[in-house]
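Report on the structure
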Amino acid sequence: MSLRIALLGLLRASGPSSGYDLAKSFESTLNYVWQAGHSQIYPELVKMAADGLVTVEAEGARGRKVYAITQEGSAQLRGWLLEQTPSLTVRSESALQAFLLPVLDPADAVAALERLRERYVEKVAMLETLCDQHGSKAFGRYALDHGLRHARTTIEWVDDTIATISRDIGHGGSCDENVAD
């Protein structure tokens, strides 16, 4: 369902677009929050047209189709945004690694965390570049802000966890020892 909603949102925001244009737009915007490739996008557009959520507004050379959102598609998008309670369950390799850190010796755990920190520092830099390029009025700015805050918070968590591991080598510890009072 989320790919369908993402495509409806892109069509609503950017207007009629070809599958290729939607895939390119997906890569440069939504790909930071929801991944989908060309092989998923094109079949979903066909299903959406069959379901009356989009129409083929024009057909061009080599089978190029330009899709437009219908009233029914706009209503479904609006309904999803207003009524759908998003799942807070996230499949995250970094969270899984955090869960499994205790199986490593402390030096290896710190090395794994430092590698994670490097990735998030890179992500912050990339997201800040996007923010600078697109400004505060760009479509997707709220998701960009969410991503920046998440990445910065993760860096803070990594730093705190490294400090806790370094301080508590050989000692037990509670979950919230590293949380500021």
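Just above, that's the structure.
This text gives an overview of the structure that appears in the document. (Residues numbered from 1 in each chain as written. Predicted model: local features only at pLDDT ≥ 70, side-chain atom pairs only at ≥ 80, totals over all residues. Heavy atoms only, no water.)

A word on the pattern of salt bridges. Tallying each qualifying case throughout the model produces six salt bridges. Residue D21 is joined to R64 by a salt bridge in which the shortest nitrogen-to-oxygen separation is 3.1 Å. Note that D21 is positioned in helix α2 (residues 19-28) and R64 in the loop between β2 (54-59) and β3 (65-69), a separation of 43 residues in sequence. The partly exposed category is assigned to R64, whose relative accessible area is 41%. A salt bridge links R117 to D159, with the nearest nitrogen and oxygen atoms 2.5 Å apart. With R117 in helix α6 (residues 106-134) and D159 in helix α7 (residues 141-167), the pair connects residues that are 42 residues apart, well separated along the chain. A relative accessible area of 32% places D159 in the partly exposed class. (Salt bridge = Lys/Arg side-chain N within 4 Å of Asp/Glu carboxyl O. Helix = DSSP H or I, 4+ residues; strand = E, 2+ residues; numbered from the N terminus. Buried < 20%, exposed > 50% of the residue type's maximum accessible area, 1.4 Å probe, protein only.)

Moving on to the sheet that holds strand β1 (residues 17-18). Spatial ordering of the open sheet is given by β1-β3-β2, a layout of three strands whose pairing is antiparallel. Whereas interior strands pair on both sides, the edge strands pair on one side only; in this sheet they are β1 and β2. In terms of strand pairing, β1 meets β3 through two bridges, oriented antiparallel. What sits directly across from S18, in β3, is V66. Sitting on the sheet, helix α1 (residues 2-14) is in contact with β1, β2 and β3, with an inclination near 90 degrees to β3. (Pairing = 2+ DSSP bridges. Contact = heavy atoms within 4.5 Å. Axes fitted to C-alpha atoms, helices over the stretch in contact; angles between N-to-C directions.)

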